[in-house]
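# Observations on chain architecture
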Amino acid sequence: MIRSDKIVKDSLFGFLLILPSLLLLMLLVVFPVGYVLYLSTLNFDTLIPNFVGLRNYTELLFNDQFFWIFLGHSMEYVFFAICSAFVVALLVALSLNTINKFQGTLRTFALWCWAVPPVIASLMWKWILNDTNGVLNDMLLKAGIIHQQVAWLALSKGTMFILSQVHAWTIIPFIMVILLAGLQSIPLELYEVASIDGANGLQKFRLITYPLLRTAVLTSVMLASIFAFRHIDIVFTLTKGGPGEATEMLVTYLYDNAFAYMKIGYAAALSVIMVFISMLIVLVLVKLIRPNESQ
Amino acid sequence: MAKRVLLVVLICLMGITMVYAGGQKEGGAEDSGAAVAAYDASAVKWSPNQERVVRKDYKLPEGALEAIKAEGSKEIVVYNWGDLSWDPATLLNGSMFTRLTEVGVQFVGTPDEQMTPKLQPLFMAKSDAVDIVPLDETNYANYVSRGWLMEVDFMWDEATMSEYHSGLHSTVLDGHYYSVPQVGRIIDVLYYRPSMLKAAGYDGPPETWEELIEMAQALTIDKNNDGQIDQWGFVFKGGGVLDGAQLIKAKSLLLGVNPDDVDGKVKFNTPETIRVVQLLSDLRNKYKVVPPGVTAYQHGDIADFFLSGNVAIVVDPTYLYARCMESSLADDFDVALQPVAYKGGPRTQIQHWNGWGLSNFSKNKTAGLIYMDVYRSYRGQVNEFAIENNEVFLKKAYEDPQSKLVGYNDVLAQINDTVVDIYEGQGEVYKAVIAEFQKALMGQKTAEQAMNDAQGRIDKILGY
């Protein structure tokens, strides 16, 4: 029989072991979150910031004409970026999972664009998409797909879609790696049995691959969506929110308020709201993708 | 149960943080005031400032070395716009400061977009991790109004100010000085390709807007008749907040109106400014002499475009000159003043001000002030112009033999009227202007609608 004072001693010892991590967590997570919440209740227009309660939040949600417009732009960006990236990443992952030759080399190639720092990738795409000297226009013209140079970053409608596709390019490897790991955890016997039962490729994917891959899909899409929602490098380098406000998003609005307009309290409130929106995105994705018990 | 307890603990901790942060803030304000009061400028004999700044060989003010020694300064931290490899004059001026004071300089090269995100937390934390702060129109007034920069009235007087271009008066905020000039770039100089102009039958660059339109049309060419433009007549910066807004402002100045100062107010919907926006929209949409993607062209893009060799005329800051000289275009480009609106029209130019300020939280205040003094002096300013080809505010700097070697010195000599405008909220105002301007460029709004909408936003921002 284990004595109760030994249990207490053991749990205290366990607590002491995790204490450094807890302290670090508090320093890196709890304190900044608390501080941002505090900042969001201040107005920094004056030399000494003054307390304004929830005014920054109400101003944003009810009086700021741009907040809802830019939220829509952010959602558009996340949606198109993730959809495109997911489809391509899934195809690449399925291919890499099937191909047996040169596996290592092919996987390295597939990860290549992930290794490019976001700012460098953005600058690279800025030149690719340049209307007069860009390689994209050159290729499309030579292929006869377009007949006039297109100003990809100055379209009345569609520039946001272009930016989202640049983002998609940068995150395909991230999604692909998670999906590939998920694919490799599916027992091959299931496919063998399905083959014996006469299932074709599509049926195997629908009835075996996708149901067993749902956890990996959820993880990759969830993380990629949150990353996309707070991603600033691409829009900042390519369009700076233009033309007009066509590619202005919550994250650029946050940057402007915090660092260009010095409205730190307002920006802090916006960042808190963005955290809640991210949580909402996660909830929706979990509801849509999470495998149910029977599966 | 355990999860609930953990959640309650976390919420409590956040609450404690907020209360703690609130307490710190109140105390901090007092600390800040104390830090400002602590500096005694009388330890150094700053006067006469005028004599010192125009001396060809800079001499430290009396008492400076003793004050630095008493302060215990060994090194100052200077933030710099961009990487130092682009700024040899800054390094040289830093070395000059170190030679004179035996205080080292630690430069922190920071990309433009990251400057405020890096400095702001340091200021808010009242950190002494930065001594000298780089300034421009977008951050200066904001930093001053928050009490982050030290007042340096003792470094200035009217006689000293008169040695610099008049635009520098705009850096005096509420009657006080908080900075010294670093450089003051002329942002609008015309670069053109003589060979392209000659091929189109022109002997020289356009001198008026009318000529510019005509020449740009003649110089926009589809060389192989494949329906694609191979050579553009003209290109301008329609993207980037400061770039775009200053483009409109620069052209408005040529019509005799400064949108940043119309009877003391910021006004971007005067008939003159609307005319400018109309002209720029027409260049893109009616005459089709600029690439349609100009709304995405920011500073640097124009230079790259010109150097790529398929544009005949651009208007860009003087820093493009050095790049051209190092490129394959070295023998086929020339510089002129940008075209005036009409014959005999004003030639007022924007000078893009960059300055240095001293952090209120610095522990090396005397050393920092001497760094600023060295930089604004004759030698410091000559270095900037002669080595980096950055225009400066000190008028005498252009008379130095080294400065006279700069290839476009004769063009600068024709400029006699420059403006610098600085006010709080300028960044937000310019953002509104560029957003509406781009809508006009895209044909989504008329020039008048766009500028009226921009003005509506400006009125709200500035509380008119």
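Residues numbered from 1 in each chain as written. Chains lettered and ligands numbered in written order. Predicted model: local features only at pLDDT ≥ 70, side-chain atom pairs only at ≥ 80, totals over all residues.

### Quick look at the overall build of chain B
Broken down by element type, chain B carries 19 helices and 10 strands. Its C-alpha atoms give chain B a radius of gyration of 25 Å, within 12% of the compact-globule value 23 Å for 464 residues. With the C-alpha coordinates of chain B rotated into their principal frame, the extents come out at 70 × 70 × 45 Å. The burial tally for chain B puts 48% of its 464 residues in the buried class. In chain B, of all internal contacts separated by at least 6 residues, the share reaching a separation of at least 24 is 74%. (Helix = DSSP H or I, 4+ residues; strand = E, 2+ residues; numbered from the N terminus. Rg over C-alpha atoms; globule rule 2.2 N^0.38 Å. Buried ≥ 20, exposed ≤ 12 C-beta atoms within 10 Å, placed from the backbone. Contact = placed C-beta atoms within 7 Å.)

### Quick look at the overall build of chain A
Summing up its helical and strand segments, chain A has 12 helices and 2 strands in all. Along its sequence from the N terminus, chain A presents helices and strands in the succession α-β-β-α-α-α-α-α-α-α-α-α-α-α. Taking 2.2 N^0.38 as the reference for a compact globule, 295 residues should give roughly 19 Å; the C-alpha atoms of chain A span a radius of gyration of 24 Å, well beyond that estimate. Seen along its three principal axes, the alpha-carbon backbone of chain A occupies a region of about 85 × 70 × 35 Å. Residue burial in chain A is summarised as follows: out of 295 residues, 36% are buried.

### Description of the domain arrangement of chain B
All names here are of chain B. With domains assigned, chain B is organised as domain 1 (43-184 + 352-411) and domain 2 (189-349 + 422-462). The partner domain 2 presents 14 residues to the 13 residues of domain 1 that form the contact. A class-by-class count of the residues in the side of domain 1 that touches domain 2 yields 4 nonpolar, 7 polar and 2 charged. (Domains from an automatic or database assignment. Nonpolar A, V, L, I, M, F, W, Y, C, P; charged D, E, K, R; others polar.)

### A short note on the packing of helix 11 (residues 271-285) of chain B against helix 18 (residues 426-441) of chain B
Residues and elements named next belong to chain B. Two elements in contact, helix 11 and helix 18, have axes whose closest approach is 9 Å; the angle formed by their N-to-C orientations is 45°. It follows from the interaxial angle that helix 11 and helix 18 lie oblique. For the element pair helix 11 and helix 18, the recorded crossing hand is right-handed. Contacts between helix 11 and helix 18 involve Val277, Leu280, Ser281 and Arg284 from the former and Phe437, Ala440 and Leu441 from the latter. Taken together, the residues that form the contact of helix 11 with helix 18 break down as 5 nonpolar, 1 polar and 1 charged. (Axes fitted to C-alpha atoms, helices over the stretch in contact; angles between N-to-C directions. Parallel < 35°, antiparallel > 145°, perpendicular 65-115°, else oblique. Left-handed = near helix turned anticlockwise from the far one by under 90°.)

### Structural notes on the environment of Leu179 of chain A
By the secondary structure assignment, Leu179 of chain A is in helix 7 (residues 159-184). When the C-alpha atoms of Leu179 of chain A and Leu90 of chain A are compared, they prove to be 6.8 Å apart, with 89 residues separating the residues in sequence.

### What to know about helix 4 (residues 88-101) of chain B
Residues and elements named next belong to chain B. Helix length check: helix 4, at 14 residues, gives a terminal C-alpha distance of 20 Å against a target of 20 Å (1.5 Å per residue), a fit within 8%. Those residues of helix 4 not exposed but buried are Ala89, Thr90, Asn93, Gly94, Phe97 and Thr101. Buried positions in helix 4, seen along its axis, are confined to an arc of 140° and lie on one side of it. Exposed side chains of helix 4 directed beyond 90 degrees from the buried face belong to Ser95 and Arg99. Two residues or fewer after helix 4 comes Glu102, characterised by a positive phi angle close to 65°. (Expected span 1.5 Å × (residues − 1). Arc of directions from axis to C-beta.)

### Some thoughts on the interface of chain B and chain A
Opposite the 40 residues of chain B that make contact, chain A presents 36 residues. Looking at the side of chain B that touches chain A, the elements with two or more residues in it are helix 1 (2-38), helix 5 (112-124), helix 6 (140-145) and helix 18 of chain B. The dominant element in the side of chain B that touches chain A, judged by the number of residues it contributes, is helix 1 of chain B, at 9 residues. In the side of chain B that touches chain A, the residues fall into 14 nonpolar, 20 polar and 6 charged.

### Some remarks on the packing of helix 9 (residues 201-229) of chain A against helix 12 (residues 264-289) of chain A
Residue and element names in this part refer to chain A. Where helix 9 contacts helix 12, the two axes come as close as 10 Å, and the packing angle between them is 160°. Looking at the two axes, helix 9 sits roughly antiparallel to helix 12. Between helix 9 and helix 12 lies a crossing of right-handed hand. Counting all contacts with helix 9, which are made through Arg214, Val217, Leu218, Val221, Met222, Ser225, Ile226 and Phe229, the residues of helix 12 involved are Ser278, Ile281, Val282, Leu285, Val286 and Ile289. Split by residue class, the contact of helix 9 with helix 12 holds 11 nonpolar, 2 polar and 1 charged.

### A look at the environment of Trp169 of chain A
Residue and element names in this part refer to chain A. Along the chain, Trp169 falls in helix 7. On the neighbour-count criterion, Trp169 (20 C-beta atoms within 10 Å) is buried. Each C-alpha atom, one on Trp169 and one on Ala89, is 9.7 Å from the other, the two residues being 80 residues apart in sequence.

### Concerning the pairing of strand 7 (residues 311-316) of chain B
Residues and elements named next belong to chain B. Within strand 7, 6 of the 6 residues are buried, which leaves the element mostly enclosed by the surrounding structure. Looking at chain direction, strand 5 (residues 189-192) and strand 7 are connected through 4 bridges and run antiparallel. By the bridge assignment, Tyr192 is partnered in strand 7 with Ile313. Pairing between strand 6 (residues 232-235) and strand 7: 3 bridges, direction parallel. Residue pairing for strand 7: Trp232 is matched across the bridge by Val311. (Pairing = 2+ DSSP bridges.)

### What to know about the confidence of the model for chain B
Residue and element names in this part refer to chain B. Residues at a pLDDT of 70 or more form 92% of chain B, whose mean pLDDT is 90. In the predicted structure, residues 26-35 sits below a pLDDT of 50 and forms 8 contacts with residues beyond four places in sequence or in another chain. Confidence metrics for the complex model read pTM 0.86 and ipTM 0.83. (pLDDT = per-residue confidence, 0-100.)

### Some remarks on unusual backbone geometry
The amide bond that connects Gly242 of chain A to the next residue, Pro243 of chain A, takes the cis arrangement and shows omega of -5°. Examined against the element boundaries, Pro243 of chain A turns out to sit in the loop between helix 10 (233-238) and helix 11 (250-260). The step from Ser47 of chain B to Pro48 of chain B runs through a cis peptide bond, and the omega angle for that step is -5°. One can find Pro48 of chain B in the loop between helix 1 and helix 2 (49-54). Backbone geometry at Met262 of chain A places phi at a positive 60°, although glycine is not the residue there. Mapped onto the elements, Met262 of chain A comes out in the loop between helix 11 and helix 12. Phi at Lys288 of chain B is positive, roughly 55°, even though this residue is not glycine.

### A word on the sheet that holds strand 7 of chain B
Residue and element names in this part refer to chain B. Pairing within the open sheet is mixed, and its 4 strands lie in the order 6-7-5-8. Here the strands that pair on one side only, and so sit at the sheet edges, are strand 6 and strand 8 (334-337). Averaged over all pairs of adjacent strands, the angle between their axes in this sheet comes to 20°, without regard to strand direction. Lying over the sheet, helix 12 (residues 301-308) contacts strand 5, strand 6 and strand 7, oriented at roughly 155° with respect to strand 7.

### Brief notes about the environment of Asn285 of chain B
Structurally, Asn285 of chain B can be placed in helix 11. With 119 residues separating them in the primary sequence, Asn285 of chain B and Ser166 of chain B have C-alpha atoms 38 Å apart.

### Quick look at the pairing of strand 2 (residues 104-110) of chain B
Residue and element names in this part refer to chain B. Alignment of strand 1 (residues 75-81) against strand 2, held across 7 bridges, turns out to be parallel. Note on strand 2: the bridge partner recorded for Trp81 is Thr110. Of the crossover connections in this fold, the one passing from strand 1 over helix 4 to the parallel strand 2 is right-handed. (Right-handed = clockwise from strand over helix to strand, strands pointing away.)

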